[in-house]
Structure formats: C-alpha cells, structure tokens
Amino acid sequence: MVRARKELPDANELVIATVKEIFDYGAYVELDEYNGMRAFLPWSEVATKWVKNIKEVLKENEKIVVKVIRVNKQKKQVDVSLKRVYDSEKKKKMHWYKRNQRAEKILELAAQKLGKTLDDAYNDIGWPLLDHYSDLYTALETAVMLGPDTLRVPNAKEEWIMPVYEEANKHIKIKQVKVTRIINLWSTSPSGIEDIRSVLLNMKNISEDNSSVNIYTIGAPKYKIEVISEDYKSAERIINSILEKAEKDAQKLKVNFEVVKEKE
C-alpha cells in the first residue's frame, strides 16, 4: 500500500480509496495512502447524474479515485467526493498509484535483502527520497538511468543505496523512443571534408540528460541523425535543435545543407 507521509489528507487532494460499506445514504471508504483511514462518501457526491441505487455506481472492495472535500482535523474525519473527479484526473492518479506501488515493492525487496522491514525502508531511504524527488518511482527511475549516486540524498542511509539500486535495475525498464532524420551535406571547397566533419561533430554536442545522439554515414553526401530519448516530444525537440544548429554551422562554413524529405 503506497504511503503518504502526513497523517491526514488536504482538502481538494485526490486520493485512492477502497469501497468498504455501501448504504442508501452514502458509502464508507478506506484511504489507501493514509493507512486505511476511514472516510465518508455522501450519496450526493457519488454521481453527477441521478441514480436509483448507489450500488449501480459503487461496488464493495472496488478501488476508486476520490477528491477530499472536508477534513475535520480535531475529530480526524474526512469526507470525499467521487463525482468531482474528472476522468483525466482519475487516469493520472491511478497511473501514479500503480507506479508507486511498484516502487514500494522495490523498497520491500531491498529491505528483505538487509533483513529489515518496510517501515525501516521508508524511514532510512524512502522518506529522504520523497523529500528530494516528486515521488518514489521517479527517484528509482532516475537511479536506473543515471546511477546509484542519485539515491544519495540528505538523510538517506548508505547501507540502503546499493540494495535499492540493484532491485530498481531488476524491476524498472526505461522506455525509450528513437527519432531519425536524413540530411545531405556536401562542399566543393578544398577544405570541404574537414568542414563537413566539423558540422557533424557539432551536431553530436547537442543532447540532453537521458538522451543520446548518434550520427551515421549512409554514403556521401547522405548522413543519418538518430536521437534516442524517453519520449517523442523530447526526441523531436532535440533533433530539431540539432538540425537548426547544423544548418547555421553549414552556412558559416559554406557547406551545402539539406534535409531529405521522407517518402509519403
């Protein structure tokens, strides 16, 4: 069960809940991220449209995404709404939850290696990572991409670094995409070969973290630029920057530059 660090949720916060009891006037749910804390879902907050029976919308033990609408800190009572959650919010929250369930499992496996508990894992490295990163899965994903040093954040205990890193490497596979372009480069200048080489080398220097740039000779004057990154948006941005820089360098060196159009 993914854990929240604070005791109570905030108003308007989206939380994962498990439906436990259903009545005509509403339902009681348990907030998964808050140690199974009990919350009330009023009948009026179940659906945007009128429903004859609340059980048409809810089922016991079903996991749902709800929005916190009231928090009584003194009595530790929480009311939630289902109808105020947009489909896009539900999808995003569920995606986040599943990712962080995997992250928590990785912490648990590391704890088993060390002969410790999941509570120990959270205290010794989980909470320190959450203080530093947006969420636990992002922290572990960053470690897989950049190495174990990214886990060495303030207050994280050193004995956990390699066990957590090793388990993350086993269970997290980084998705990558590849974008390519074909260009023509040619020159009639006596220094043309060196000028073309200079343009190509400068292209290699344009990259971002978690991406790589490769350039291949297809056969003069054709060259293939390949950008590998985490998503198409990043890859396209990088390759467009490369082409823009290459065209400017080519103009300065009087090298002919042309992007080859793909066949439709």
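Just so you know, these numbers come straight off a predicted model, no measurement behind them.

(A) Structural detail: the pairing of strand 6 (residues 177–186). Both strand 6 and strand 8 (residues 222–229) contribute to a ladder of eight bridges, which runs antiparallel. Counterpart to Arg-181 in the pairing with strand 8 is Ile-225. Note that strand 6 and strand 9 (residues 256–259) share four bridges and pair antiparallel. Directly across from Ile-183, in strand 9, lies its bridge partner Val-259.

(B) The arrangement of the UniProt feature "domain: S1 motif" (unreviewed entry) in the protein in detail. According to UniProt, the feature "domain: S1 motif" (unreviewed entry) maps to residues 12–83 in the numbering used here. For residues 12–83, the end-to-end C-alpha separation is 13 Å, with 0% helix and 51% strand making up the annotated structure.

(C) Highlighting helix 6 (residues 232–253). Between its first and last C-alpha, helix 6 extends 31 Å over 22 residues, near the 32 Å set by a 1.5 Å rise per residue. What helix 6 keeps buried is the set Ser-234, Ala-235, Ile-238, Ile-239, Ile-242, Leu-243, Ala-246, Asp-249 and Ala-250. All buried residues of helix 6 lie within an arc of 165° about the axis, which places them on one face of the element. Relative to its buried face, helix 6 has exposed residues pointing more than 90 degrees away, namely Lys-233, Gln-251 and Lys-252.

(D) Spotlight on the pattern of salt bridges. For the structure on display, the rule yields 24 salt bridges. Among the charged side chains, a salt-bridge network with shared partners connects Lys-113, Glu-166, Glu-167 and Lys-170.

Parameters and conventions
- Residues numbered from 1 in each chain as written.
- Predicted model: local features only at pLDDT ≥ 70, side-chain atom pairs only at ≥ 80, totals over all residues.
- Heavy atoms only, no water.
- Pairing = 2+ DSSP bridges.
- Helix = DSSP H or I, 4+ residues; strand = E, 2+ residues; numbered from the N terminus.
- UniProt positions renumbered as here; feature names shortened; annotations may be inferred.
- Expected span 1.5 Å × (residues − 1).
- Buried < 20%, exposed > 50% of the residue type's maximum accessible area, 1.4 Å probe, protein only.
- Arc of directions from axis to C-beta.
- Salt bridge = Lys/Arg side-chain N within 4 Å of Asp/Glu carboxyl O.

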